Amino acid sequence: MLSDFKNFLLKTNALALAIGVIIGATTGKVVSAIVDDLIMPPIALVMPPGDWRQAQIELSKAKDADGKVTVNAIKYGHFAGATIDFVIIAFVVYVVSNKLLPREKPAETKTCNECLETIPKAATRCKFCTTQLFA
Ligand SMILES: [Zn+2]
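Residues numbered from 1 in each chain as written. Predicted model: local features only at pLDDT ≥ 70, side-chain atom pairs only at ≥ 80, totals over all residues.

Q: Lay out the overall build of the chain with the relevant residues and their values.
A: Along the chain, the regular secondary structure elements total three helices and four strands. Secondary structure elements of the chain occur, N-terminal to C-terminal, as α-α-β-β-α-β-β. For 135 residues, the compact-globule formula gives about 14 Å, and the C-alpha radius of gyration of the chain, at 29 Å, lies well above that figure. Projected onto its principal axes, the C-alpha positions of the chain cover 90 × 55 × 30 Å. Looking at the chain residue by residue over its 135 residues, the buried ones come to 0%. Considering only intrachain contacts with a sequence separation of at least 6, the fraction spanning at least 24 residues in the chain is 19%. (Helix = DSSP H or I, 4+ residues; strand = E, 2+ residues; numbered from the N terminus. Rg over C-alpha atoms; globule rule 2.2 N^0.38 Å. Buried ≥ 20, exposed ≤ 12 C-beta atoms within 10 Å, placed from the backbone. Contact = placed C-beta atoms within 7 Å.)

Here it is in structure tokens:
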């Protein structure tokens, strides 16, 4: 029973997935800190003054028995803010992943003189026509 559970955790990559989720959540906090603390303040200088994220077109207003007011509105300020946040966060993720993740170089190849197939550059014999190749 216990070894079955251990096998389940290891063979279904459940632990790896859990680690990925935890790392992802932590990375998300770092990215939002980069955006909120480092990138948004300079951008706020060129944004229109005032709380533009609260901008909305009010469609109707209702007051319930307790006196609580419910506003039905098109909240275009919130929508625009979420869109701008997404673009900035996506750009930061793009830049960070570009800098941190290694680029995979394409394998070096050459063309066989006999059959014109593409083969590894270091090959001494063609894998397609078995011609001996000389450097
Ligand atoms: Zn060949």
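Q: Please give an account of the domain arrangement of the chain that cites residues and values.
A: Assigned domains within the chain: domain 1 (1-46), domain 2 (50-102) and domain 3 (105-135). The C-alpha centroid of domain 3 is placed 44 Å from the C-alpha centroid of domain 1. (Domains from an automatic or database assignment.)

Q: With reference to specific residues and values, describe helix α1 (residues 2-11).
A: Taken across its ten residues, α1 has zero buried, putting it largely on the surface. Where α1 terminates, the next one or two residues include Asn13, which has phi positive at roughly 60°.

Q: Can you explain the environment of Thr70? Please cite residues and give values.
A: One can find Thr70 in strand β2 (residues 69-74). Among the residues examined, Thr70 registers 9 C-beta atoms within 10 Å and is labelled exposed. With ten residues separating them in the primary sequence, Thr70 and Ser60 have C-alpha atoms 8.5 Å apart. The residues touching Thr70, leaving out its near neighbours within four places in the chain, are Ala62 and Asp64.

Q: Lay out the packing of helix α2 (residues 14-46) against helix α3 (residues 76-100) in plain terms, naming residues and giving numbers.
A: Remark: α2 packs on α3, axes separated minimally by 10 Å, with the N-to-C direction vectors making an angle of 115°. It follows that α2 is roughly perpendicular to α3 by the angle criterion. Where α2 crosses over α3, the two elements pack in a sense that is right-handed. Together, Val31, Ile34, Val35 and Ile39 of α2 and Ile88, Ile89, Val92 and Val93 of α3 make up the contact between the two elements. Looking at side-chain class alone, the contact of α2 with α3 contains eight nonpolar, no polar and no charged residues. (Axes fitted to C-alpha atoms, helices over the stretch in contact; angles between N-to-C directions. Parallel < 35°, antiparallel > 145°, perpendicular 65-115°, else oblique. Left-handed = near helix turned anticlockwise from the far one by under 90°. Nonpolar A, V, L, I, M, F, W, Y, C, P; charged D, E, K, R; others polar.)

Q: Lay out the pairing of strand β1 (residues 57-63) in plain terms, naming residues and giving numbers.
A: Of all seven residues in β1, zero are buried, a share of ten percent or less. Relative to β2, β1 runs antiparallel, the two being bridged by six bridges. Paired with Ala62 across the bridge in β2 is Thr70. Once β1 ends, the chain turns through five residues before running back antiparallel as β2, passing Gly67 with a positive phi of about 90°. (Pairing = 2+ DSSP bridges.)

Q: Tell me what's going on with unusual backbone geometry, and back it up with residues and numbers.
A: The backbone phi angle of Asn13 is positive, close to 60°, even though this residue is not glycine. Its place among the elements puts Asn13 in the loop between α1 and α2. The exposure class assigned to Asn13 is exposed, which follows from the 11 C-beta atoms found within 10 Å. The backbone phi angle of Leu116 is positive, close to 65°, even though this residue is not glycine.

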